[in-house]
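Fold and geometry: a report
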Protein chains: 2
Amino acid sequence: MKEYHIAIVGATGAVGNELLRVLERRNFPVASLRPISSARSAGKSVTFGGALREVEELTEHSFDNVELAFFSAGSDVSRQWVPVARENGAVVIDNSSIFRMEPDVPLVIPEINGDDVRQHRGLIANPNCTTAVALMALYPLHRVFQLRRIFAASYQAVSGSGARAIQELKLQTEAALQDRPLSAQVYPHPIAFNLLPRIDALLENGYTKEEMKMQSEGRKIMHLPEFRASVTCVRVPVHRAHSVAVSAQFEKAASVEQAREVLAKAPGLELVDEPQINRYPMPLSVAEKDNCQVGRVRIDCALENGLSFWVCGDQLLKGAALNAVQIAELL
Amino acid sequence: MKEYHIAIVGATGAVGNELLRVLERRNFPVASLRPISSARSAGKSVTFGGALREVEELTEHSFDNVELAFFSAGSDVSRQWVPVARENGAVVIDNSSIFRMEPDVPLVIPEINGDDVRQHRGLIANPNCTTAVALMALYPLHRVFQLRRIFAASYQAVSGSGARAIQELKLQTEAALQDRPLSAQVYPHPIAFNLLPRIDALLENGYTKEEMKMQSEGRKIMHLPEFRASVTCVRVPVHRAHSVAVSAQFEKAASVEQAREVLAKAPGLELVDEPQINRYPMPLSVAEKDNCQVGRVRIDCALENGLSFWVCGDQLLKGAALNAVQIAELL
């Protein structure tokens, strides 16, 4: 089997660390692996394949002989360095949002539109983490019942903001338990025992960028240009795994039994739906798991042909690192 | 001014404690105050008017000479003892859910349907806490634009489950920070750094009782029998104050400016809506405040004549104790 020369840009971040673990766990054919970061983290070490690897600073030579480059260091780094990696002949799988909506960049969730990878020109985008988790349940339902629109609210873990945010939640929580003042650096307000109803920049229509990604990325991934999504995205004091409460309207009526049958068979998804005995998806139970979980499936009481459900997924995995490696496997 | 002989059943609970504070703070005309609890808590003390008061056990004589009785000790206690209090001539303001939907029991939010108090026959019900917080923003909009239906997701604090749940969140959080195992007693799973997408019992339609209260209580309080509400209720690791993300459809189109103007003038509600500078309602900022806060107001992108918004309120106050005392003031 061919093995690949790989670079990971953002190797010391929350997603970068998961990328290393997923590549190991799935026995990805790695010929060489180059962990790369900004100057700030260069010189640190990461482990891969049982050995310590020194993290290199990102330079113009970072992509020499690299065949596959994973980017997970934010939009600014991707904007500047993805073109460099492509010019050097690497195929890039980018976790940032900046190339996702470009017409010639496939935006891929392998379980949904894996075929789109074939049209790549050296760059494939990884979707937004909340969008990925929600679509894992929405798309299989769409294939059978034809999706029209959703109303959704997200409950997003701090790991979506990176390793520093995980640390901030811990420090603030300790301070709160001891009645000490909370210092907020990553977020504008304390996240410990609190909720922040804004993620990403505000748009003119009053939604945030994060909220509108569900619609724009959902349309592209599902090949569904009329799809509409009204979403409220909220940061919650959870370490890992995003959750989404969804009311979805379809062209065709679905029974709960039909919907459950479809969801139970969907790849990458587990149906956990016995709420009467307290079995339902939770962040704690999906954390560090590859599969997303869906439950609380019911006929929506305020929509025609509507279904309501609750879906959770580890957004460092399905929302980021796992999905990126799955894309690489398709290549 | 006439003063009242008052009993508080459940005086040692989370809501009971707030009731004492609200009565003091609003200078309610109290002739005498009798704190009452189950045998388990009897003998404890609570403070009122600067003095310690011993808590009495609930007996058949608890309501002798009582004119006004607040009940906040759960449905079982209300079912058994509210009739006793009424027979003794007390007017009861009950915080449990069991009498709310009875046709001859007014269910009242003073800012919305205060006039309904007049029809009481010795018993007035206090609404569900999440419903109360959401209606504080929905009703003023309804008066102008005529509400049809909502899609909503709640983010409910542990204080809604009482004082023991607040303690459980603290203990579990400490254990989690120290990597010790978490013990869950109030809830079936850990709530620290987690989410529980089930509150109250499951109904046949797959919604929980808590979720359907928004529709049933909303219809009764707003006098709006066709109102539909599809809600997902979720417990979150927050100490105090419930939040709700709402997409609402109206008969008439509203602009964001019109909606904001209506909300800014609504009694008991503050408009906090400058998300671009990170001013929005949060549990931490409404905790221990009488007023609810609403923000993130925008035209809903998936509904005709729709508005989306985010509303927070201290459910021990507006969702429970404050509302109960406001009802008493109407009497």
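Note that this is a predicted model, so its numbers are computed, not measured. (Residues numbered from 1 in each chain as written. Chains lettered and ligands numbered in written order. Predicted model: local features only at pLDDT ≥ 70, side-chain atom pairs only at ≥ 80, totals over all residues. Heavy atoms only, no water.)

Focus on the overall build of chain A
Where we set the bar: A run of H or I in DSSP becomes a helix once it reaches four residues, and a run of E becomes a strand once it reaches two; helices and strands are each numbered from the N terminus. A radius of gyration in this sense is built from C-alpha atoms; the matching globule rule multiplies 2.2 Å by the number of residues raised to 0.38. When accessible area is computed with a 1.4 Å probe and restricted to protein chains, residues below 20% of their type maximum are described as buried, those above 50% as exposed, and intermediate ones as partly exposed. Here, two residues are considered to be in contact whenever any of their heavy atoms come within 4.5 Å of each other. Exposure was quantified through the Shrake-Rupley algorithm and a 1.4 Å probe, taking into account, for residues, occlusion by the shown protein chains and nothing else. The charged-residue count follows a simple rule in which Lys and Arg add positive charge and Asp and Glu add negative charge, with His and chain termini not counted at all. Note on charges: their place is set at NZ of Lys, CZ of Arg, CG of Asp or CD of Glu.
The helix and strand tally for chain A stands at nine helices and 14 strands. On C-alpha atoms alone, chain A measures out to a radius of gyration of 20 Å, which is about the 20 Å that the 2.2 N^0.38 rule sets for 331 residues. Overall, the C-alpha framework of chain A stretches about 60 × 55 × 40 Å when taken along its three principal axes. Going through the 331 residues of chain A one by one, you find that 60% of them count as buried. When contacts within chain A are restricted to residue pairs at least 6 apart in sequence, those whose partners lie at least 24 apart make up 66%. Within the structure as shown, chain A displays about 12800 Å² of accessible surface, and the carbon and sulfur contribution to it stands at 45%. Taking the average place of the 35 positive charges on the side chains of chain A and the average place of its 38 negative ones, the gap between the two points comes to 2 Å.

So, the packing of helix α1 (residues 14-25) of chain B against helix α9 (residues 317-330) of chain B
A pair of packed helices is characterised by two quantities: the angle between their axes and the separation of those axes. Residue and element names in this part refer to chain B. Selection criterion: Lines are fitted to the C-alpha atoms to define the axes, a helix being fitted only along its stretch in contact, and any angle between axes, read from their N-to-C directions, falls within 0 to 180 degrees. Roughly parallel refers to an angle under 35 degrees, roughly antiparallel to one over 145, roughly perpendicular to one between 65 and 115, and oblique to any angle outside these ranges. Each crossing gets its handedness from the near helix: less than a right angle anticlockwise from the far helix is left-handed, clockwise is right-handed. Nonpolar residues are Ala, Val, Leu, Ile, Met, Phe, Trp, Tyr, Cys and Pro. Charged residues are Asp, Glu, Lys and Arg, and all others, Gly as well, are polar.
For the pair α1 and α9, interaxial distance at closest approach is 9 Å and the crossing angle is 45°. Here α1 is positioned oblique relative to α9, judged by the angle of their axes. Pair α1 / α9 crosses with right-handed handedness. The residues of α9 that touch α1, namely those facing V15, E18, L19, V22, L23 and R25, are L317, A320, A321, L322, A324 and V325. Classifying every residue of the contact of α1 with α9 gives 10 nonpolar, no polar and two charged.

Things to note about the packing of aromatic side chains
Test applied: Two aromatic rings from Phe, Tyr or Trp, using only the six-membered ring of Trp, form a pair when their centres are within 6.5 Å; if the ring planes differ by under 30 degrees the pair is stacked, by over 60 it is edge-to-face, and anything between is tilted. Whether a charge lies above a ring is judged from NZ of Lys or CZ of Arg, which has to be within 6 Å of the ring centre and within 35 degrees of the ring normal.
Taken as a whole and assessed by the stated rule, the structure comprises 10 aromatic pairs over all chains. Taking 6.1 Å as the distance between ring centres and 45° as the angle between the ring planes, the aromatic pair formed by Y4 of chain A and F28 of chain A counts as tilted. With a gap of 24 residues between them, Y4 of chain A in strand β1 (residues 4-9) and F28 of chain A in the loop between α1 (14-25) and β2 (30-37) connect regions that are remote in the sequence. Residue Y4 of chain A is classed as partly exposed on the basis of its relative accessible area of 23%. On the basis of an interplanar angle of 20° and a centroid distance of 5.7 Å, the ring pair of F63 of chain B and F71 of chain B is categorised as stacked. Among the residues examined, F71 of chain B registers a relative accessible area of 1% and is labelled buried. Put simply, the rings of Y155 and W310 of chain A together with Y155 and W310 of chain B touch in pairs and so form one group of aromatic residues. Stacked on the ring of Y207 of chain B, the Lys or Arg R298 of chain A has its end atom at 4.3 Å from the ring centre.

Topic: the pattern of salt bridges
To keep things clear, this is the line we draw: The term salt bridge refers to a pairing of a side-chain nitrogen on Lys or Arg with a carboxyl oxygen on Asp or Glu at a separation within 4 Å.
Per the stated rule, a full pass over the model turns up 42 salt bridges over all chains. Among the salt bridges present, the one from K318 of chain B reaches E111 of chain B, with a minimum N-O distance of 2.7 Å. Of the two residues, K318 of chain B is situated in helix α9 and E111 of chain B in helix α3 (residues 110-113); the sequence distance between them amounts to 207 residues. With relative accessibility at 2%, the residue K318 of chain B sits in the buried group. One salt-bridge network, in which partners are shared between bridges, spans R25, R26, D290 and E329 of chain A.

Considerations on helix α2 (residues 75-87) of chain A
Residues and elements named next belong to chain A. We count it as follows: One fewer than the residue count of a helix, multiplied by 1.5 Å, yields its expected span. The angle separating two fitted axes, one through the seven residues that finish at a residue and one through the seven that start at it, defines the bend at that residue.
If you check α2, its first and last C-alpha atoms are 18 Å apart, about what 13 residues at 1.5 Å a residue would give, namely 18 Å. A bend of about 40° at W81 is the largest found in α2, and the proline P83 appears one to four places after it. Buried within α2 are the following residues: S78, W81, V82, V84 and A85. Positive backbone phi, approximately 95°, marks G89, located one or two places after α2.

Some details on the relation of the copies chain A and chain B
Here is the rule we go by: Least squares is the method for superposing the copies, and the C-alpha atoms it fits come from residues with pLDDT of at least 70 in both.
After a rotation of 180° and a shift along the axis of 0.0 Å, chain A superposes on chain B with an RMSD of 0.0 Å. The superposition operator between the copies reduces to a two-fold rotation axis. Both copies share a contact surface, since 100% of the interface residues of chain A are interface residues in chain B too.

Remarks on the sheet that holds strand β9 (residues 147-156) of chain B
All names here are of chain B. Just so we agree on the cut-off: Pairing between two strands is assigned when DSSP locates at least 2 bridges connecting them.
Ordered in space as β10-β9-β11-β14-β13-β12, the six strands form an open sheet in which the pairing is mixed. A single partner strand is all that each edge strand has here, and the edge strands are β10 (228-235) and β12 (269-271). Adjacent strand axes in the sheet meet at a mean angle of 20°, parallel and antiparallel pairs treated alike.

Section: the side chain of Q215 of chain B
Along the chain, the position of Q215 of chain B falls in helix α6 (residues 209-222). Relative accessible area serves as the criterion here: at 11%, Q215 of chain B is assigned to the buried category. Not counting residues within four places of it along the chain, the set of residues in contact with Q215 of chain B comprises C301 of chain A together with F227, R228 and A229 of chain B.

Some remarks on the side chain of D300 of chain B
Heads up, the condition is: We define a polar contact as two N or O atoms separated by no more than 3.5 Å, with the added condition that, inside protein, one atom must be a possible hydrogen donor and the other a possible acceptor, whereas residues neighbouring each other in sequence contribute only through side-chain atom pairs.
In this structure, D300 of chain B sits in the loop between β13 (292-299) and β14 (306-313). Buried and unpaired, D300 of chain B has no salt bridge, with R298 of chain B as the nearest side chain of opposite charge at 6.6 Å. Within polar-contact distance, the side chain of D300 of chain B engages the backbone nitrogen of L303 of chain B at 3.2 Å. When residues no more than four places from it in sequence are discounted, the contact partners of D300 of chain B are F151, Y207 and S230 of chain A together with S247, G306, L307 and S308 of chain B.

Function cannot be inferred from these measures alone, as they are strictly geometric.
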